[in-house]
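So you can see what is in the structure, the chains are spelled out below.
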Amino acid sequence: MSAFDEMVRPSLARIGAPGDGYATDRDSYWGSGFFIAPGWLLTCAHVVGKGGAAVCRGESALSVTWQERTADGAWQPRGGTGTAVVVAPRPEPGRPAPDPWPFPDLALVRVTGADAVRCLWLGDREAGPLTPLGLYGWSVQTGELGIRQGSGELAGSDARALLLTGILPIGGLSGGPVLDLRHGSVIGVIKGRRREEGVAVPVTALYELLDSRESGRAVREVLRAHDLHHASLLGAPSPYPHWTAVQATLAGHAPSVSGVTTELRTRLYGHLAHLPPPAGAGEVVHLVEDVKEQVRGERLPSLMLRNVRTWREGAALLYGLRMLDPGGGGTLVDLDAVLLYAARVARRTAGEHGGRWRRAGCGRSPSG
């Protein structure tokens, strides 16, 4: 079992009707999901939608089952009751569930009894074509209920979908994570398949829900809890491999690629999670462009500006930043840029929300 398999397994869950969760042979389940913050499960809206309109409205419960490692190294099932808090888009009252379910096809489920569960790391920037991928979910394809894992590549995109090649998702995997094996981060949620390719929802679609009046507050709460969760695990003993430590060994985080270590990034995101959110996407992008200008000494605005909505996404836009030295290549200056960006964010939020920030204890100097 690879380090990735070990890290994904305690975070991967199957979803079904109440009472179905503990069955071990061909139980009736709706699909997969994965924990992204303590007590919070991310899945597809069409998986939750199999429970009907009452489940989508959060009026009826669903069953969530995951696994934990025992002291002797064995895996044992754990179960909890889930309530759908975000379903995007939510079916209109009195109408049948859409088929296929429109994008973004995402749902957040609050799960009781899962506050100590380990969570996957969410990607903070888009992955490029040919990125090696790992796909995970629950399946009964072989006749026995179990976790299915496969490898493939990111072929590209089609409108709002990520296209997967080299592996075709099967029934039951919907709602499971798509893992970028180069950086060790979740970049998508398995949605389904076409004849010759798999389809996934990019994880950036979750950030887009921050703009929604109905879903924005819950999504922001979950993203904040995600970053605080991973920051709290730094240096903590665990029976599972540590996301930040394993990511540090990957090619996508090599010193030649970025001067920002995975530990520094995790600590930074934990601190940023304490701050009031940006007023809008433009605030983050303009701050990033100003930092790039100051560090490089010349203004070279990006040809394509992402509509980023969180401080963590803004920092990610600076990874790999280099000086434009003659002859190509260039010296890495991303560490300087990220630290300057963090200072600018702290100063801006202190100026706009100073009293509330200090009362929350976020004005203290960070440790580590």
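All residue numbers refer to positions counted from 1 along the written sequence of the respective chain. The predicted nature of this model means local features are confined to residues of pLDDT at least 70 and side-chain atom pairs, given and counted, to a pLDDT of 80 or more, with totals for whole chains, interfaces and linings taken over all residues. Heavy atoms throughout the structure, all of them, feed into the side-chain values; hydrogens and water do not.

Go over the overall build of the chain with me, naming the residues and quoting the values.
The helix and strand tally for the chain stands at 10 helices and 12 strands. Burial classes follow relative accessibility: with a 1.4 Å probe on protein chains only, a residue under 20% of its type's maximum area counts as buried, one over 50% as exposed, and anything between as partly exposed. Across the 368 residues in the chain, those meeting the buried criterion constitute 51%. In what follows, a contact means two residues having at least one pair of non-hydrogen atoms within 4.5 Å. Expressed as a percentage of contacts within the chain between residues at least 6 apart in sequence, the contacts between residues at least 24 apart total 67%. Carbon and sulfur atoms make up 51% of the accessible area of the chain, which amounts to about 16,700 Å² in all. Helix and strand definitions here come from DSSP, where helices need a minimum of 4 consecutive H or I residues and strands a minimum of 2 consecutive E residues; each element is numbered from the N-terminal end. Every accessible area reported is derived by Shrake-Rupley at a probe size of 1.4 Å, with residue values counting cover from the shown protein chains alone.

Can you tell me about the side chain of Q247, naming the residues and giving the values?
Along the chain, Q247 turns up in helix α6 (residues 243-247). Those residues in contact with Q247, other than ones at most four positions away along the chain, are W121, H183, G184, S185, H253, T262 and R265.

How would you summarise the nonpolar core if you had to cite specific residues and measurements?
In terms of nonpolar packing, the biggest core is built from 83 residues, with F35, V48, L108, L206 and Y341 touching the most fellow members. Beyond its immediate chain neighbours, meaning those up to four positions away, L108 contacts I36, W40, L41, L42, T83, A84, V85, V86, L206, V219 and V222. The term nonpolar core refers to a set of buried residues drawn from Ala, Val, Leu, Ile, Met, Phe, Trp, Tyr and Cys, joined through side-chain atoms within 4.5 Å.

A description of the sheet that holds strand β5 (residues 75-88) should follow, citing residues and the corresponding values.
Strands are treated as partners if at least two bridges between them are detected by DSSP. Judged by pairing direction, the barrel is antiparallel, and its six strands sit side by side in the order β1-β2-β3-β6-β5-β4 before closing back on the first. Each strand axis lies, on average, 40° off the axis of its neighbour in the sheet, ignoring direction. Alignment of strand β3 (residues 40-43) against strand β6 (residues 106-111), held across four bridges, turns out to be antiparallel. By the bridge assignment for β6, L41 is matched with V109. To obtain each axis, a line is fitted to C-alpha atoms, and for helices this fit is confined to the stretch in contact; angles are then taken between N-to-C directions over 0 to 180 degrees. Packing against the sheet, helix α5 (residues 216-232) makes contact with β2 (31-37), β3, β5 and β6, and its axis sits at approximately 65° to β2.

Talk me through the pairing of strand β8 (residues 146-158); I want residue IDs and the actual numbers.
Inspection of the sheet shows strand β7 (residues 132-139) paired to β8 by eight bridges, in the antiparallel sense. The residue of β8 that forms the bridge with L133 is G152. By the bridge criterion, five bridges tie β8 to strand β9 (residues 161-165) in an arrangement that is antiparallel. Bridging across to β9, L154 finds its partner in L164. Linking β8 to β9, which pair antiparallel, is a turn of two residues; within it A159 sits at a positive phi near 55°.

Mind laying out the sheet that holds β7, listing which residues take part and the relevant values?
Strands sit in the order β7-β8-β9-β12-β11-β10 around a closed barrel of six strands; the barrel is antiparallel. Averaged over all pairs of adjacent strands, the angle between strand axes in this sheet comes to 45°, irrespective of strand direction. Examined bridge by bridge, strand β10 (residues 177-180) and strand β11 (residues 185-193) share four bridges and lie antiparallel to one another. The residue bridging D180 from the neighbouring strand is S185, located in β11.

Could you give an account of α5, with specific residues and numbers?
For α5, spanning 17 residues, the distance from its first C-alpha to its last is 24 Å, which sits close to the expected 24 Å at 1.5 Å a residue. All of the buried residues in α5 are G216, A218, V219, V222, L223, H226, D227, H229 and H230. A helix is expected to span 1.5 Å for every residue after the first.

Now, about the environment of A97: what can you tell me, with residues and values included?
Here A97 shows up in the loop between β5 and β6. The class of A97 is partly exposed, set by a relative accessible area of 44%. It is 8.3 Å that separates the C-alpha atoms of A97 and H46, two residues lying 51 residues apart in sequence.

Let's hear about the pattern of salt bridges: which residues, and what values?
We define a salt bridge as a contact between a side-chain nitrogen of Lys or Arg and a carboxyl oxygen of Asp or Glu at a distance within 4 Å. For the structure shown, the criterion picks out 13 salt bridges. Note that R267 is salt-bridged to E263, the shortest N-O span being 3.0 Å. Separated by four residues within a single helix, R267 and E263 lie in helix α7 (residues 262-272), roughly one turn from each other. In this structure R267 comes out as partly exposed when scored by relative accessible area, which is 28%. You can call E263 partly exposed: its relative accessible area is 39%. One salt bridge in this structure joins E283 and R348, with 3.5 Å as the shortest N-O distance. Note that E283 is positioned in helix α8 (residues 281-296) and R348 in helix α10 (residues 334-359), a separation of 65 residues in sequence.

Tell me about the pairing of β9, and name the residues and values.
A large share of β9 lies buried, amounting to four of its five residues. Pairing between β9 and strand β12 (residues 198-202): three bridges, direction antiparallel. Looking at β12, one finds that L164 is bridged to G198.

Talk me through the side chain of R265; I want residue IDs and the actual numbers.
Inspection of the secondary structure puts R265 in helix α7. R265 has contacts with W121, D124, T244, Q247, H253, V260 and Y319, leaving out every residue within four places of it along the chain.

Which residues make up the environment of G146, and what values do they have?
Within the secondary structure, G146 sits in strand β8. Other than its neighbours up to four places away in sequence, G146 contacts G137, W138 and S139.

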